[in-house]
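Chain and residue survey
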Amino acid sequence: MVYIQRSSVPPIVIEELLKKRKSPEWRSIDENDHEKLRNEFDNLECRQYIREWLCKDQHYLCAYCMKRIDPSDTLNVKIEHFIPLSCSKEDVLNPNNFFLVCHGGTRSDLGSNKKRVLCCDSSKGQQQCTLRPDNSILVQKICYSKKGIISYRDPGNTEKEEQYNREINMILHLNGKWNEQTHSSDADTSTELIKGRRDAYEIACNIIRRLDKKHKLSRANLEKEIEKIKASEKYEEFIGTIVFFLERKIRILDSAT
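So, here is what we can say about the structure in this document.

Rules of the game
Residue positions are counted from 1 within each chain, in the order its sequence is given. In view of the model being predicted, local features appear only for residues whose pLDDT reaches at least 70, and side-chain atom pairs are presented and counted only at 80 or more, with totals across whole chains, interfaces and linings using the full set of residues. In computing side-chain properties, one takes all heavy atoms of the structure into account and sets aside hydrogens as well as water. Elements are defined by DSSP. Helices are runs of H or I of four residues or more, strands are runs of E of two residues or more, and each kind is numbered from the N terminus. Helices are assigned an expected span. That span is 1.5 Å times one less than the residue count. When a residue's accessible area, from a 1.4 Å probe over protein chains only, is under 20% of the maximum for its type it is buried; when over 50% it is exposed; and in between it is partly exposed. Directions from the helix axis toward the C-beta atoms define the arc. Whether two residues are in contact is decided by their heavy atoms, any of which lying within 4.5 Å being enough. Note on geometry: axes are C-alpha line fits, over the in-contact stretch for helices, and angles between N-to-C directions span 0 to 180 degrees. For classification purposes, angles smaller than 35 degrees are called roughly parallel, those larger than 145 roughly antiparallel, those between 65 and 115 roughly perpendicular, and all remaining angles oblique. If you view the pair so one helix is near and one far, a crossing is left-handed when the near helix is turned anticlockwise from the far one by less than a right angle, and right-handed when it is turned clockwise. Under the scheme applied, nonpolar residues are Ala, Val, Leu, Ile, Met, Phe, Trp, Tyr, Cys and Pro; charged residues are Asp, Glu, Lys and Arg; polar residues are all the others, including Gly. Buried Ala, Val, Leu, Ile, Met, Phe, Trp, Tyr and Cys residues that are joined via side-chain atoms within 4.5 Å together make up what is termed a nonpolar core. Two strands are said to pair when DSSP picks up at least two bridges between them.

A separate point is helix α9 (residues 219–230). When the terminal C-alpha atoms of α9 are compared, their 16 Å separation across twelve residues agrees well with the 16 Å that a helix rising 1.5 Å per residue should span. Of all the positions in α9, only Leu 222, Glu 225, Ile 226 and Ile 229 are classed as buried. Each buried residue of α9 sits inside an arc of 95° when the element is viewed along its axis, so together they form one side. The outward face of α9, more than 90 degrees from its buried face, is lined by the exposed residues Lys 224, Glu 227 and Lys 228. In this structure, the buried side of α9 is in contact with α8 (193–213) and α10 (239–256).

Take a look at the structure:
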């Protein structure tokens, strides 16, 4: 998961959302008529502008899993309501409640009898989460293991740590089929998120090895590598994992001096 810094909402989006809010048709919809709320949102003319805006802010990565997304791919990429539309009519048209997410495995293994482990919004559905990708304080506490497992670490607040890890494992399924007894994954997601984060760990290791081989392994050079990675308009998949291990190496170097 990578911190998403939101930019200004496009004027064309603000205009249509405001117009929709003020319309008699919208005001007449019962807040419990979730199907009608969904239909009204899906019929917005500015939806593609919303997708493009979100995708740029997210550097072309799914808000949850860091897989590549394309705003024009309406089959595999969708606008998610962080607070589900079944929970809040007010937030159905709130742009700060929108994220762009991948298909979460619903398009994987089509025509196969293999059981799919869905993730991201496809597993979240109408469940509520509090681990927001646009909350920098929370995202800074996301950690990764060499084996590709994602977790939330906050030793100073074990209650929040348990809550956010439950959301990661049991709502978003970012660690696949999670076994609460063994605290490990029994199966990767259909979109192979664990494998992807393992591969990202190897990318970070290769960067470190390259610098070390050239006798240039230092805080300054690692920071340059991180800046280079973050400078791209389209982030590399699983960038959060790569940056995490490069920053961890910086801390190791600092502690050795």
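On to the packing of α8 against α10, then. Interaxial distance between α8 and α10 falls to 8 Å at its minimum, and their mutual angle equals 40°. Our classification of the angle between α8 and α10 gives oblique. Considering how the two elements wind past one another, α8 and α10 form a crossing that is right-handed. Here α8 contributes Arg 197, Ala 200, Tyr 201, Ile 203, Ala 204, Ile 207 and Ile 208 to the contact with α10, which in turn contributes Thr 241, Ile 242, Phe 245, Leu 246 and Lys 249. Looking at the contact of α8 with α10, its residues break down into nine nonpolar, one polar and two charged.

Moving on: the nonpolar core. Formed by 70 residues in total, the largest nonpolar core has its most connected members in Ile 50, Cys 62, Tyr 64, Cys 120, Leu 131, Leu 174 and Leu 246. Among the elements that take part in this core, α8 stands out by supplying eight residues, more than any other. Ignoring sequence-local partners within four residues, the contact set of Cys 120 consists of Cys 62, Tyr 64, Cys 65, Cys 102, Ile 171, Leu 172 and Leu 174.

Burial along strand β2 (residues 98–101) is two-sided: the residues Phe 98 and Leu 100 and Phe 99 and Val 101 are all buried. Sheet topology places strand β1 (residues 78–81) next to β2; four bridges connect them, and they run antiparallel. Residue pairing in the sheet places Lys 78 in a bridge with Val 101 of β2.

The first and last C-alpha atoms of helix α7 (residues 158–171) sit 19 Å apart over 14 residues, in line with the 20 Å expected at 1.5 Å per residue. Taken together, the buried positions of α7 are occupied by Glu 161, Tyr 164, Asn 165, Glu 167, Ile 168, Asn 169 and Ile 171. Of the surrounding secondary structure, the elements contacted by the buried residues of α7 are α5 (121–124), α6 (136–139), β3 (142–144), β4 (150–152) and β5 (177–179). Backbone geometry just downstream of α7 places His 173 in the positive-phi region, at approximately 55°.

Function cannot be read off these values alone, since they describe shape.
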